[in-house]
Amino acid sequence: MIVLAFAGLILLAHLYLWHRMVRSTTLPGRMRKALTWVLVGLAAMLVATFAGARLEFGHWLAWPGYVWLAVMFYLLIFLVVLEVPRAVAAIFVRRGERAAALEPVPAMVGGPAPSEPAPSAPPMSRRLFLGRATATVAGAGALGTVGYGMASALGDPVIERVKVALPKLDPRLSGLRFAVVSDIHLGPLTGLGHTERIVRMINGLEADVVAIVGDLVDGSVAQLGALAQPLKNLESRYGAYFVTGNHEYFTAAGPQEWIEELDQLGVRSLRNERVEIRHQGAVLDLAGVNDLNGESSGDGPDFAKALGGRDAGRSTVLLAHQPVQVEEAARHGVDLQLSGHTHGGQIVPFNLVVGLQQPVVSGLATVDGVQVYVTRGAGFWGPPVRVGAPPEITMLELGT
């Protein structure tokens, strides 16, 4: 049912694009037929790209498929925005055509003189000019936006430096630093350099703890194991920790093979459990819970197991992939939750949509008495494009 709904949306989107980008800009003939078939091919490629991502085949389609998805999305945005000025301009075009139709046509006496040149081609109609002008503006806007977004997504993540005051934090823990990264999304569009760059930037922060808050991969160990190898070079005083995101449950073999792989790379997975971070004679509880998507396979979050029976006098930092998990974290007295998942919306205006599902889209906020920091993530999902939400690695420092 979901597949049919998705295919239907793709069809409707391409029908609208055909109406505005092909029918309104061409006359009946070869050019219109050729452009129509190009659009049909792009629609088919997009469906095949999504099917391949789910079934783990046809990865060569990922680049053209996802780039077209981004261009298509922004074409739709620009064309919809231009509908109002286009409608106003169309009113004046119709008035001009009616006025021209009412003008008397002067009678010609005799035929044209032999020395006169042959009649030139008729001028472009006002409607055709309006259609082409609209398509040109929309096309330039979409290509410019996607180009900017690709440069952002494929460039270096931004280092966000954040200080978080925890009221009951032991003063000896003040200054403890977390390098927080999420949504790296190793997959068919990322290479080894993507992981190496992220590891290099994290190591440059000289953090006490590295927290990888889910959605590390978009595929199996067999496909992406080589891309994860640089993680063995992560440097921190008290270790690197990982919790599952929803995408770990989308892989063919599930998250367990990645839990084992990360263990070999020196990254410890917190599977509904907690560890003690001992710093300058004081102790911080660092806990992690599984992602909500694990519930369907009996591998969901267990807050009681991760947080039960601890010393209530200690501050607790929780790693949970989705910000919405803070609702349960609040019931267990968590002081700070570190999350990802949202990508900060990744491409405007999706940031508005994400806010309907998650209590925090990006940055630091307080929800139900719990402070939540949501990182925009260091990678991307789907189109290699980020608009209004650059990739991020966070240096988070605790204080009192």
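For the structure, check the block above.
Residues numbered from 1 in each chain as written. Predicted model: local features only at pLDDT ≥ 70, side-chain atom pairs only at ≥ 80, totals over all residues. Heavy atoms only, no water.

Visitor: Could you give me a rundown of the overall build of the protein chain, with the residues and numbers involved?
Guide: The helix and strand tally for the protein chain stands at 10 helices and 12 strands. For 400 residues, the compact-globule formula gives about 21 Å, and the C-alpha radius of gyration of the protein chain, at 28 Å, lies well above that figure. Every one of the 400 residues in the protein chain was classed for burial, and the buried ones make up 50%. Nonlocal contacts in the protein chain, meaning residues at least 24 apart in sequence, comprise 75% of its contacts between residues at least 6 apart. Total accessible area on the protein chain stands at roughly 19,300 Å², and carbon and sulfur atoms take up 62% of it. (Helix = DSSP H or I, 4+ residues; strand = E, 2+ residues; numbered from the N terminus. Rg over C-alpha atoms; globule rule 2.2 N^0.38 Å. Buried < 20%, exposed > 50% of the residue type's maximum accessible area, 1.4 Å probe, protein only. Contact = heavy atoms within 4.5 Å. Areas by Shrake-Rupley, 256 points an atom, 1.4 Å probe, with all protein chains shown as cover.)

Visitor: Break down the pairing of strand S7 (residues 282–288) for me, citing the residues and quoting the values.
Guide: S7 sits mainly inside the fold: 7 of its 7 residues count as buried. Residues of S7 alternate between two faces, with Ala282, Leu284, Leu286 and Gly288 on one and Val283, Asp285 and Ala287 on the opposite face, all of them buried. Here strand S6 (residues 273–279) pairs with S7 via 7 bridges, running antiparallel. If you follow Glu276 over to S7, its bridge partner there is Asp285. (Pairing = 2+ DSSP bridges.)

Visitor: Break down the packing of helix H6 (residues 221–228) against helix H7 (residues 256–264) for me, with residues and values.
Guide: Contact geometry for H6 and H7: axes closest at 11 Å, N-to-C directions at 25°. Taken together, the axes of H6 and H7 are roughly parallel relative to one another. Seen along the crossing, H6 lies across H7 with a hand that is right-handed. Taking contact as the criterion, the partners of Val221, Leu224, Gly225 and Ala228 in H6 are, on H7, Glu257, Trp258 and Glu261. (Axes fitted to C-alpha atoms, helices over the stretch in contact; angles between N-to-C directions. Parallel < 35°, antiparallel > 145°, perpendicular 65-115°, else oblique. Left-handed = near helix turned anticlockwise from the far one by under 90°.)

Visitor: Any chance you could break down the pattern of salt bridges for me, citing the residues and the numbers?
Guide: Within the structure shown, the criterion is met by 13 salt bridges. The partner of Arg197 in a salt bridge is Asp156, and the shortest N-O contact between them spans 3.6 Å. Highlighted residues: Arg197 in helix H5 (residues 192–204) and Asp156 in the loop between helix H4 (126–154) and strand S1 (158–165), separated in sequence by 41 residues. Judged by relative accessible area, which is 16%, Arg197 ranks as buried. Between Arg376 and Glu392 there is a salt bridge whose closest N-O contact spans 3.5 Å. Remark: Glu392 occurs in strand S12 (residues 392–399) and Arg376 occurs in the loop between strand S11 (370–374) and S12; sequence separation between them is 16 residues. Neither residue differs from the other here; Arg376 and Glu392 are each classed as buried. A single salt-bridge network, built from bridges that share partners, covers Glu276, Arg278, Asp285 and Arg314. (Salt bridge = Lys/Arg side-chain N within 4 Å of Asp/Glu carboxyl O.)

Visitor: Hey, could you go over the pairing of strand S8 (residues 316–319) for me, with residue numbers and the actual values?
Guide: Both faces of S8 are covered, namely the face carrying Thr316 and Leu318 and the face carrying Val317 and Leu319. Two strands pair when backbone bridges link them, and S7 and S8 are joined in this way by 4 bridges, in the parallel orientation. Across the sheet, the residue bridging to Ala287 is Leu318, located in S8. The pairing of S8 with strand S9 (residues 336–339) spans 3 bridges and is parallel. Each residue of the ladder has a partner; that of Leu319, found in S9, is Leu338. Since S8 and S9 lie parallel, the crossover through helix H9 (residues 326–331) that links them has a hand, and here it is right-handed. (Right-handed = clockwise from strand over helix to strand, strands pointing away.)

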